[in-house]
Amino acid sequence: MKARTARIWSVIHTWTSLISTVFLLLLCLTGLPLIFHHEIDDALGYSPKMDARAPGASKLSLDAISAAALADHPGNVMLYMGWDKDEPWMVSTFTNKTVTSDPQTTVVKAFDAYTARPVGLLGTGPMLVMLRLHTDMYLGLPGKWFMGLMGFVFMVAIVSGLVLYWPFTRRLDFAAIRKQKSRRIWWLDWHNLLGVITVVWALVVGGTGVLNAYAELLLGVWQRNELTAIAAPYAGQPTPAKLASLDTVLGNAMKATPGMEPAFVAFPGTPFTSTHHFAVFLRGDTPLTSRMVKPVLLDGETGAVSSTSDLPIYLKAVLVSQPLHFGDYGGMPLKIIWALLTVFTIIVLGSGLYLYIARRRKQGRQPRAVAEASIVAEAS
Amino acid sequence: MNDPTFSQARRAKRPQWLRVFGVPIVIGVLSLAGLLSALLAGDPGRYFSWFGVGLPVAIAAWTYWRNS
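Since the model is a prediction, treat every value here as computed from it, not as a measurement.

Calculation criteria
- For every chain, the first residue of the written sequence is number 1, and numbering continues from 1 along that sequence.
- Each chain takes a letter, starting from A, and each ligand takes a number, starting from 1, following the order in which they are written.
- Under the rules for a predicted model, residues below a pLDDT of 70 receive no local features and side-chain atom pairs below 80 are neither given nor counted, while totals for whole chains, interfaces and linings still include all residues.
- Side-chain numbers here rest on the full set of heavy atoms in the structure, without hydrogens or water.
- Residues count as neighbours in contact if any of their non-hydrogen atoms are within 4.5 Å of one another.
- In short, buried area is how much 1.4 Å probe accessible area vanishes from two parts on joining, totalled over both.
- Polar contact is defined as a pair of N or O atoms within 3.5 Å, subject to the rule that within protein one atom must be able to donate a hydrogen and the other to accept it, and that residues adjacent in sequence are counted only when both atoms are side-chain atoms.
- Helix and strand assignments come from DSSP, with helices taken as H or I runs of at least 4 residues and strands as E runs of at least 2, each series counted from the N terminus.
- If DSSP finds at least two bridges between two strands, the strands pair.
- Axis angles are defined between N-to-C directions and span 0 to 180 degrees, where every axis is a line fitted to C-alpha atoms and, for a helix, only to the segment in contact.
- The classification of residues rests on relative accessible area computed with a 1.4 Å probe and restricted to protein chains. Under 20% of the type maximum is buried, over 50% is exposed, and intermediate values are partly exposed.

Student: Explanation requested: the interface of chain A and chain B in the structure shown.
Tutor: One widely used convention gives an interface's size as the accessible area the parts lose upon coming together. On the side of chain B, 30 residues touch chain A, which itself brings 37 residues to the contact. For the chain A and chain B pair, buried surface summed over both sides reaches about 3000 Å², with 72% attributable to carbon and sulfur atoms. Interface area lost by chain A to chain B is led by Trp166, Phe174 and Ile197 of chain A, which between them contribute 19%. Where chain A meets chain B, there are seven residue pairs in polar contact (both at pLDDT 80 or more). Put simply, the parts of the chain that give the side of chain A that touches chain B at least two residues each are helix H5 (140-169), helix H6 (183-197), helix H7 (199-213), helix H10 (313-326) and helix H11 (331-364) of chain A.

This is the structure we're talking about:
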């Protein structure tokens, strides 16, 4: 690599890193507890507790659960109802003032499927704070898009770092840590080693994070194109005043997709469906198919199936990317590995910042030309 | 292994790019395979993911232990 090329990549690496480091540290520090959000919620008592029920009791109708959720928050309307694969006794309900109210004010409450009694709010407590700081820093959509941009800048930093790995280590054995030299060199060697061994993981987690930051935009594209087309025959009609029975809706959706089970149902007017349809999203039972939900759209008033199209490829990509970002699809050992790799990323970020400051201090004591020559010498 | 002449002789046989990027490429491929296997290959895939994705942790631990 020519000295000039190395210098250009060095400038790219320095500046993309400097711009994104603070936000990446925030993402790593909040992401670390989020890997274990299930366990932390359990430990802190933020998980719903099963209601006491008579032995041999059977599940109540979904209409009964829906009525209970609305009675619990008078004046609200239903937005979604969801089912957790690992908690079959529980139904999650999402209600708000209207279907288009600010999503941050949506009440998410779990109900016992056998008693229709509320068993706790979902997604609250310290893990919600972590999630908001991680996704949008409490700034709503612009905050999300900004975080997505920082994620992208971070990926440029990773790629430029990989390019610089060559001039910086080409005279060294793999994983060489030079102890006898300065503290700065010791940290440089660790920065290079931890950076290069985590590069694929970091690109995958970074890339899937960026994709998720823009998920709402992709959902909007789907709405404008496919959902509008499905709802076209209903154009000009008011939104259904009296909705079909939820049990009818779910029953019809499951008949249309044999072998799948419902993940959640979106009520007419919410972002996941048209203003005239229920959308039931059904999942399979493997790690992959349980994420790649299939939507069935049903007439809001009659509950008859209108369409069972697959999601477009860009939304499938978002869904498949989620486990690759969260690290929650390979059991506790994978979560622990995910956490350790996050710690490595924190060390790479911190040592990078240290190396930048240490190099500037060193350069401050020598003329500019010598300083520039030293970067090149170090890198060749 | 730590004999410098032996190490240099071993180095000379391999092209430089392979010496620098060889191990990182192997780690990267195994990481990616591990990330995907847990998603696509059921329980065996899940066990393999612990190896593939966990490899960088083992290498960092080994390097730390060797240098301390």
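The rest of the description comes next.
Student: What's the story with the sheet that holds strand S4 (residues 118-121) of chain A in this structure? I'm lost.
Tutor: What links the strands of a sheet is backbone hydrogen bonding, and the strands pair in either a parallel or an antiparallel sense. Residue and element names in this part refer to chain A. Spatially, the eight strands line up as an open sheet ordered S4-S3-S2-S1-S5-S6-S7-S8, and their pairing is antiparallel. Two strands in the sheet have a free side with no partner beyond their single neighbour: S4 and strand S8 (305-307). Mean inter-strand twist for the sheet, computed between neighbouring axes without regard to direction, equals 30°. Bridge analysis of strand S3 (residues 107-112) against S4 gives three bridges, and the strand direction is antiparallel. In the sheet register, Phe111 faces S4, and the bridge partner there is Pro118. On top of the sheet, helix H8 (residues 215-230) reaches strand S6 (277-283), strand S7 (294-299) and S8; it is set at about 45° to S7, its chief contact. Strand contacts of helix H9 (residues 246-256): strand S1 (77-82), strand S5 (261-266), S6, S7 and S8, with the helix running at about 50° to S6, the strand carrying the most contacts.

Student: Looking at this model, I keep getting lost on the pairing of S7 of chain A. Mind explaining?
Tutor: The two faces of a sheet get side chains in turn, since along a regular strand they alternate between them. Residues and elements named next belong to chain A. Burial analysis of S7 places six of its six residues in the buried class, the great majority of the element. Here S7 shows two buried faces, one formed by Lys294, Val296 and Leu298 and the other by Pro295, Leu297 and Asp299. Strand direction decides the pairing type here: S6 and S7, joined by six bridges, are antiparallel. From the neighbouring strand, Ala279 faces S7, where its bridge partner is Leu297. Relative to S8, S7 runs antiparallel, the two sharing two bridges. Paired with Leu298 across the bridge in S8 is Val305.

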